[in-house]
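For reference, the chains in residue letters:
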Amino acid sequence: MSHALGVQRNELVEDKTMAGWANPDDPLVSTQWLADKLDAPDVRIIDASWHMPAAGRNAKEEYDVAHIPGAVFFDIDEISDTTSPFPHMMPSPEKFASRVKKLGLGDGLRLVIYDSTGVFSAARVWWMFRHMGHDDVVVLDGGLPKWQAENRATEDMPPIARERHFTVRRRADLIRDKGQVLAKVQSGVAQILDARPAGRFAGTAPEPRANLPSGHMPGAFNVPFSSLLKPDNTMKDPADLAEVFKAAGVDLSKRLVTTCGSGVTACVIALALARLGLWDVPVYDGAWSEWAADPASPIETEAAG
């Protein structure tokens, strides 16, 4: 971490300590913490649920049935670059600011993000806000399933959102494009951490998206996002997370880039790394959907690699 980023991080920790975060060094908060803060005037809650197309689930319809009181729905597929051929790519700063402003999300607010899986798509939106310069953001550990398992209140009506200005301070250090990742693969200067399941990484299981070969980037490390979670889909403790990365052969002292199938679970790795104090690991936004769509991209498999 550079001196400038270290100073920025120290200032953020101080700000979060004064603002009442349960643990300013942790990118996650507990359900009890959120329950205690539901009525705080500077806290906003975001339902960032999203499901794989083959899951047969509609996140918005589920939100309409039950969500944490006060939560607004963040549509990952709509708040994206819808002109891109690849799924839910980062939108322009102008579009992002416009959409979150209408949701009542903006400057001076503490954002708590959850999803209906546990720790899954909420990590993507956590990263999106940080990429756009809003660091006062955390993920609810265990998400809606843990909240409901504890018999906490939900509601079926969306809140009335008052528009709020959102100042974009885009952080280019948190995102990588295909050209940048290809250069890192060819030079070997960064470790690529791939969040997809082992079979897809090895090339022995198919990709969920049509016409994409499975496999992995040369030299990549497989860290399935599920390996970072406990059986109840809360995130593992820091010591256990460190062991997962060690077992995968990852050297956390070297430069890292995260990737996955479409840029969602790559952010779960980024979230886990933040829990270990590595807050500024970039995400390859196009991920395997972009990489494997190009016949010129180098791909390795278990058989050929």
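Conventions we followed
- Residues numbered from 1 in each chain as written.
- Predicted model: local features only at pLDDT ≥ 70, side-chain atom pairs only at ≥ 80, totals over all residues.
- Heavy atoms only, no water.
- Axes fitted to C-alpha atoms, helices over the stretch in contact; angles between N-to-C directions.
- Helix = DSSP H or I, 4+ residues; strand = E, 2+ residues; numbered from the N terminus.
- Parallel < 35°, antiparallel > 145°, perpendicular 65-115°, else oblique.
- Contact = heavy atoms within 4.5 Å.
- Nonpolar A, V, L, I, M, F, W, Y, C, P; charged D, E, K, R; others polar.
- Phe/Tyr/Trp six-rings, centres within 6.5 Å; stacked < 30°, edge-to-face > 60°.
- Buried < 20%, exposed > 50% of the residue type's maximum accessible area, 1.4 Å probe, protein only.
- Core = buried A, V, L, I, M, F, W, Y, C linked by side-chain atoms within 4.5 Å.
- Pairing = 2+ DSSP bridges.
- Right-handed = clockwise from strand over helix to strand, strands pointing away.

In the contact formed by helix α5 (residues 121–131) and helix α10 (residues 266–275), the axes pass within 8 Å of each other and the chain directions differ by 70°. Classified by the angle between their axes, α5 and α10 sit roughly perpendicular to one another. Contacts from Ala123, Arg124, Trp126 and Trp127 in α5 reach Cys267, Val268, Ala270, Leu271 and Ala274 in α10. Taken together, the residues that form the contact of α5 with α10 break down as eight nonpolar, no polar and one charged.

Along the chain, serine 80 falls in the loop between β3 (72–73) and α4 (93–102). Apart from the residues within four sequence positions on either side, serine 80 is in contact with His88, Met89, Pro91 and Lys95.

A few words on the packing of aromatic side chains. Within this structure, the stated rule accounts for nine aromatic pairs. For the pair phenylalanine 74 and phenylalanine 129, a centre-to-centre distance of 6.0 Å together with 55° between the ring planes defines the contact as tilted. Pair noted here: phenylalanine 74 is in the loop between β3 and α4 and phenylalanine 129 is in helix α5, with a separation of 55 residues, a long-range link. An identical accessibility class is assigned to phenylalanine 74 and phenylalanine 129; each is buried. The interplanar angle of 70° and the centroid separation of 6.0 Å between the aromatic rings of phenylalanine 129 and phenylalanine 166 together place this pair among those described as edge-to-face. Taken together, the residues span a long stretch of sequence, with phenylalanine 129 in helix α5 and phenylalanine 166 in the loop between α6 (143–149) and β6 (175–176) at a distance of 37 residues. No difference in accessibility class separates phenylalanine 129 from phenylalanine 166, as the two residues are buried.

What follows deals with the nonpolar core. Grouped together as the largest cluster of nonpolar side chains are 58 residues, with contacts concentrated most on Phe74, Trp126 and Phe129. For this core, the secondary-structure elements that each account for two or more residues are α4, β4 (110–114), α5, β5 (137–140), α9 (238–247) and α10. Per element, the largest residue contribution to this core is nine residues, and it comes from α10. Not counting the four nearest positions on each side in its chain, phenylalanine 74 is found in contact with Ile46, Asp47, Ala48, Ile79, Phe96, Val100, Leu103, Val125, Met128 and Phe129. Grouped together as the second largest cluster of nonpolar side chains are 17 residues, Val43, Ile68, Ala71 and Val112 included.

This next bit is on α10. The element α10 is extensively covered by neighbouring structure, given that ten of its ten residues are classed as buried. Those residues of α10 that sit buried are Ala266, Cys267, Val268, Ile269, Ala270, Leu271, Ala272, Leu273, Ala274 and Arg275. Count one or two residues on from α10 and you reach glycine 277, which has phi positive near 95°.

Counted residue by residue, β4 has five buried out of five residues, so it is predominantly covered. In β4, alternate side chains face the same way, and those of Arg110, Val112 and Tyr114 on one face and Leu111 and Ile113 on the other are all buried. Relative to β5, β4 runs parallel, the two being bridged by three bridges. For isoleucine 113, the partnering residue across the bridge sits in β5 and is valine 139. Following the backbone out of β4, through α5 and into the adjacent parallel β5, one traces a crossover that is right-handed.

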